[in-house]
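Examining the three-dimensional arrangement
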Amino acid sequence: DTRLKPRLYEALKDSGAKLIFVDTQENLEKVLSIKEEAPELKHIVVFDNFDPSLQEAFVIPFWRLMKDGAQHHKENPTAYIDSIYQIEEEDLASLIYTSGTTGIPKGVMLTHKNFLSCAYLSVSVAATLRKGEKPWKMDFLSLLPLAHSFGRTVNEYCVLYVGGTMNIVEKLDPEIIRRALTTFKPMIIVGIPYLFQKIYNIVNETVATLPKVAQKVFKRTEILGRKHSEYKMRGEKPPFGIRFRFALLGNIVRKVLMKNFGGNLKLMISGSAAIAPELMVFFNMFKFNLIEGYGLTETSPTTHLLRTSHNSNYHPLINEPIDEYTKLGSIGPTIGIKNSPYEPVEQKLSPEGELLIRGPMVMKGYWRKPKLTEMALGKDGWLHTGDLAEIG
């Protein structure tokens with residue numbers, strides 16, 4: 001197929017993009033094939049080398065763009081900083097197109113305030129800090145695409161906000177994930193549920209290579225830990241025998257797992273789809289703090305995060321301990337902290353039980369689609385999520 005995929009094709013036309021970056025000659029040819037149908041497109045920047053016969057005034061090799069940029073900076077040394085100071089928080093920062101699975105793809109207009117408020121509140125609620133730890137020494141590991149709002153906010157804005165390091169793994173390959181854990185030694189891992197299933201599989205594959213005695217200890221500890229968690233989730237104190245044995249064996253297993261996870265792992269965040277409770281129990285019972293988030297592209301995306309005692313007790317801005325595991329299976333309360341510079345995230349249910357959300361991360365609207373924007377946000381700014389929910 002020499003043409004762009006329909007969703008990308010529609011997004012390119014709808015957005016009115018004036019410049020597009022492409023990686024290969026193949027993708028250059030695809031964009032050239034529809035350029036006449038995207039009249040607002042003025043420039044195509046190509047990263048790889050390409051056939052000189054495709055050279056046009058509007059087709060720019062990346063090396064030339066960098067050279068011209070360096071010259072422009074030399075002649076206008078304050079231009080970049082000046083442009084930053086002209087940005088207002090309500091200005092459009094990005095268009096992220098919905099998948100189009102329930103209709104035509106829509107360009108979600110997200111502002112600088114949308115992204116920054118979501119990053120600020122997400123970090124404030126989720127970050128697992130201990131005394132003496134430096135946020136700017138946080139290493140993030142992610143397999144999320146930057147075209148996705150979850151990937152954009154976590155990989156870019158949250159990392160920039162704390163001054164951390166972003167490490168990207170390009171695909172869900174068990175061997176690549178295994179190497180990434182020991183190479184990057186992440187403190188925070190963010191991904192879809194499938195990633196954590198892969199990590200759980202890696203754990204079991206590693207255990208299978210241990211001596212028979214060690215395998216039996218691991219399996220016995222896992223069974224014991226799940227029983228321990230069942231009591232916790234019911235709000236009951238586990239019997240002394242279970243608590244004592246799991247404290248002893250669980251700590252041994254945790255040390256082995258921590259070594260295989262790189263030695264620094266403090267927090268894992270799952271999003272974009274519901275995660276199996278069994279996975280959450282497994283990682284949390286060994287104190288790796290796997291929490292679940294909820295949100296939409298239209299909300300930048302995070303509006304809810306499960307909070308456990310791990311990330312409530314140790315954050316300098318939060319002093320509201322929540323019993324461990326009792327909320328497991330919930331998407332968690334709305335994100336928010338006291339004395340936030342942003343307005344609170346609000347939620348309510350429609351008469352039909354649909355979850356409605358209002359807050360600083362809710363989109364400005366749909367690009368060039370005022371009727372759809374009015375349907376989604378109404379006149380009072382309450383976003384219709386399309387999800388049925390219960391508020392506990």
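It should be noted that the structure appears before, not after, this text.
Here is a short report on the structure shown in this document. Just so it is clear, the model here is predicted, and its values are computed rather than measured.

1. A closer look at the overall build of the chain
- A count of helical and extended segments in the chain gives 13 helices and 15 strands.
- Here the C-alpha coordinates of the chain stretch approximately 75 × 50 × 45 Å along the principal axes.
- Across the 392 residues of the chain, 44% fall into the buried class.
- Approximately 21,300 Å² of the chain is accessible, and the part contributed by carbon and sulfur atoms is 57%.
- The positive charge centre, built from 49 side chains, and the negative charge centre, built from 43, are 10 Å apart in the chain.

2. A few points about the sheet that holds strand S2 (residues 43-46)
- If you trace the 3 strands from one edge of the open sheet to the other, you get S1-S2-S3, paired in parallel fashion. In the strand order of this sheet, the two ends are held by strand S1 (19-22) and strand S3 (59-61), each with one partner. Strand-to-strand twist of the sheet, defined as the mean angle between neighbouring strand axes without regard to direction, takes the value 25 degrees.
- Sheet topology note: the S1/S2 ladder contains 4 bridges and is parallel.

3. Let's talk about the pattern of salt bridges
- In total, this model carries 12 salt bridges according to the counting rule given.
- With a closest N to O distance of 3.9 Å, Glu-156 and Arg-152 form a salt bridge. With Glu-156 and Arg-152 both in helix H6 (residues 149-162) and 4 residues apart, the pair spans about one turn of that helix.
- By sharing partners, the salt bridges in this structure join Glu-90, Lys-113 and Glu-343 into a single network.

4. Details of the packing of aromatic side chains
- This structure, assessed with the given rule, holds 13 aromatic pairs.
- Where Phe-261 meets Phe-288, the ring centres are 5.1 Å apart and the plane angle is 75 degrees; that geometry is what we call edge-to-face. Pair noted here: Phe-261 is in the loop between helix H10 (240-260) and strand S9 (267-270) and Phe-288 is in the loop between helix H11 (277-285) and strand S10 (290-295), with a separation of 27 residues, a long-range link. Accessibility assignment for this pair places Phe-261 and Phe-288 in one class, buried.
- On the basis of an interplanar angle of 75 degrees and a centroid distance of 5.4 Å, the ring pair of Phe-282 and Phe-286 is categorised as edge-to-face.
- Seen from the ring of Tyr-366, Lys-106 lies directly overhead, with NZ or CZ sitting 5.3 Å from the centre.

5. Overview of helix H9 (residues 212-233)
- The end-to-end C-alpha distance of H9 is 32 Å, a good match for the 32 Å that 22 residues give at a rise of 1.5 Å each.
- Along H9, the residues classified as buried are Phe-218, Thr-221, Glu-222, Leu-224, Gly-225, His-228 and Ser-229.
- Where H9 is buried, its residues meet helix H8 (193-207), H10 and H11.
- Following H9 by one or two positions, Gly-235 has its phi on the positive side, about 80 degrees.

6. Focus: a nonpolar patch on the surface
- Nonpolar side chains collect at one region of the surface, where Tyr-80, Ile-81, Ile-84, Tyr-85 and Ile-87 lie side by side and expose about 580 Å² of accessible area between them.
- As for its placement among the helices and strands, Ile-84 is situated in helix H4 (residues 79-85).

7. Notes on the pairing of S2
- The parallel pair S1 and S2, bridged by helix H2 (residues 25-33), forms a crossover whose chirality is right-handed.
- Pairing of S2 with S3 involves 3 bridges; the strand directions are parallel. Note on S3: the bridge partner recorded for Ile-44 is Val-59.

8. Some words on helix H5 (residues 112-126)
- Across its 15 residues, H5 extends 21 Å between first and last C-alpha, which sits within 8% of the 21 Å expected from 1.5 Å per residue.
- The element H5 is extensively covered by neighbouring structure, given that 13 of its 15 residues are classed as buried.

9. So, unusual backbone geometry
- Between Ser-300 and the following residue, Pro-301, the backbone shows a cis peptide bond with an omega angle of 0 degrees.
- Relative to the assigned elements, Pro-301 resides in the loop between S10 and strand S11 (302-305).
- In this structure, Lys-185 is a non-glycine residue whose phi angle is positive, near 50 degrees.
- Residue placement: Lys-185 occurs in the loop between helix H7 (174-184) and strand S8 (188-191).
- Here Lys-185 falls in the partly exposed class, since its relative accessible area comes to 38%.
- The phi dihedral of Ser-300 falls on the positive side, at around 75 degrees, and the residue is not glycine.

Reading the values: the criteria
Residues numbered from 1 in each chain as written. Predicted model: local features only at pLDDT ≥ 70, side-chain atom pairs only at ≥ 80, totals over all residues. Heavy atoms only, no water. Helix = DSSP H or I, 4+ residues; strand = E, 2+ residues; numbered from the N terminus. Buried < 20%, exposed > 50% of the residue type's maximum accessible area, 1.4 Å probe, protein only. Areas by Shrake-Rupley, 256 points an atom, 1.4 Å probe, with all protein chains shown as cover. Lys, Arg positive; Asp, Glu negative; His and termini not counted. Charge placed at Lys NZ, Arg CZ, Asp CG, Glu CD. Pairing = 2+ DSSP bridges. Axes fitted to C-alpha atoms, helices over the stretch in contact; angles between N-to-C directions. Salt bridge = Lys/Arg side-chain N within 4 Å of Asp/Glu carboxyl O. Phe/Tyr/Trp six-rings, centres within 6.5 Å; stacked < 30°, edge-to-face > 60°. Lys NZ or Arg CZ within 6 Å of the ring centre and 35° of its normal. Expected span 1.5 Å × (residues − 1). Contact = heavy atoms within 4.5 Å. Patch = residues over 30% accessible without salt bridge, like charges linked within 9 Å, V, L, I, M, F, W, Y side chains within 5 Å. Right-handed = clockwise from strand over helix to strand, strands pointing away.

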